[in-house]
Amino acid sequence: DALFIIDAPSAADERLKEVGRTPQGRLLAALVADAAEMLGIEIPSYQVVPMVFCRPWNPSTGMDRQPDRAEILACVPNVLAQVQTCNPAQIFFCGQDVATYWKREYPEGKTLSPLWLLEKQGGIQSPNFTQTARTIAEGFKDVGERNTGIDRAPGFAGDIKRGGLGGRGLGT
């Protein structure tokens, strides 16, 4: 029913080999559960896909870092394949960075607070937790009304061939 495009994998994701077992994965599950409860529905099925599939890290410190333009562009076909396979009725962008890269492609997608920020602010105690769950609930409501796959904006494949997605850092 829904697809969440999240930031790049972290060291914890890499270590556990599954995003749902990390603190941010559990936080996303709590957000989805709260959103479903707000609507009085069962938790809908959803998929999670990172905007890049490999963990970007700084080799000198071993710390996580933001993916660069080349890493994001290299993963575009992977993300598109996941979206096509899932055929979601709603897409959520977990954070403005993700939305910057993907909103043009999926204009009906909803932008959420980044999971890392919610976690840093105290998880379910975060001042943004309830608002983020409300945004997810709005998206789930749209899923019930639309109940078909979300369409891509026209012209995207040509943009990749020209070397850009638009948005910050990806435009030509």
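Relevant structure appears above.
No experiment lies behind these values; they were computed from the predicted model shown. (Residues numbered from 1 in each chain as written. Predicted model: local features only at pLDDT ≥ 70, side-chain atom pairs only at ≥ 80, totals over all residues. Heavy atoms only, no water.)

A. Region of interest: the overall build of the chain. Helix and strand content of the chain: seven helices and four strands. Listed N to C, the secondary structure of the chain is β-α-α-β-α-β-α-β-α-α-α in terms of helices and strands. Scored against the burial criterion, the 172 residues of the chain give a buried share of 43%. Nonlocal contacts in the chain, meaning residues at least 24 apart in sequence, comprise 68% of its contacts between residues at least 6 apart. (Helix = DSSP H or I, 4+ residues; strand = E, 2+ residues; numbered from the N terminus. Buried < 20%, exposed > 50% of the residue type's maximum accessible area, 1.4 Å probe, protein only. Contact = heavy atoms within 4.5 Å.)

B. Molecular detail of the sheet that holds strand E1 (residues 2–6). Taking strand neighbours across the sheet as the criterion, the four strands line up as E2-E1-E3-E4 in an open arrangement whose pairing is parallel. The sheet is open, and its two borders are formed by strand E2 (46–50) and strand E4 (110–112), each paired with just one other strand. Between one strand axis and the next, the sheet turns through 25° on average, direction left out of account. The pairing of strand E3 (residues 90–94) with E4 spans three bridges and is parallel. Within E4, the residue paired with Phe93 across the bridge is Thr111. Along the sheet, helix H2 (residues 23–39) contacts E1 and E2; its crossing angle with E2, the most-contacted strand, is approximately 145°. On top of the sheet, helix H3 (residues 69–86) reaches E1, E2 and E3; it is set at about 165° to E1, its chief contact. (Pairing = 2+ DSSP bridges. Axes fitted to C-alpha atoms, helices over the stretch in contact; angles between N-to-C directions.)

C. Spotlight on the nonpolar core. Ranked by size, the top nonpolar core spans 19 residues in total, and within it Ile5, Met51, Ile91, Phe93, Trp102 and Tyr106 carry the most contacts. For this core, the element with the most residues is H3, which contributes six residues. Within the second largest apolar cluster, 18 residues are counted, among which are Ala2, Ile6, Ile136 and Ala137. (Core = buried A, V, L, I, M, F, W, Y, C linked by side-chain atoms within 4.5 Å.)

D. View of the pairing of E3. Most of E3 is tucked away: five of the five residues are buried. Burial along E3 is two-sided: the residues Gln90, Phe92 and Cys94 and Ile91 and Phe93 are all buried. In terms of strand pairing, E1 meets E3 through four bridges, oriented parallel. Within E3, the residue paired with Leu3 across the bridge is Ile91. This β-α-β element, E3 to helix H4 (residues 96–102) to E4, shows right-handed connectivity. (Right-handed = clockwise from strand over helix to strand, strands pointing away.)

E. A look at H2. For H2, built from 17 residues, the straight-helix expectation of 24 Å at 1.5 Å per residue is met to within 8% by its first-to-last C-alpha distance of 25 Å. If you check which residues of H2 are buried, you get Gly25, Leu27, Leu28, Leu31, Val32, Ala35 and Ala36. (Expected span 1.5 Å × (residues − 1).)

F. Seen up close, the packing of aromatic side chains. In this structure the tally under the stated criterion is four aromatic pairs. Relative to Tyr46, the ring of Phe4 lies with its centre 5.5 Å away and its plane at 80°, an arrangement referred to as edge-to-face. Here Tyr46 lies in strand E2 and Phe4 lies in strand E1, a separation of 42 residues in the sequence. Here Phe4 falls in the buried class, since its relative accessible area comes to 0%. Classification of Tyr46 as partly exposed rests on a relative accessible area of 28%. Among the aromatic residues, ring-to-ring pairing joins Phe4, Tyr46, Phe92 and Phe140 into one connected group. (Phe/Tyr/Trp six-rings, centres within 6.5 Å; stacked < 30°, edge-to-face > 60°.)

G. Representation of the side chain of Lys110 within the structure. Here Lys110 is to be found in strand E4. Owing to a relative accessible area of 19%, Lys110 belongs among the buried residues under this scheme. Not counting residues up to four positions away in its chain, the partners in contact with Lys110 are Gln90, Ile91, Phe92, Phe93, Lys103, Thr135, Glu138, Gly139 and Asp142.

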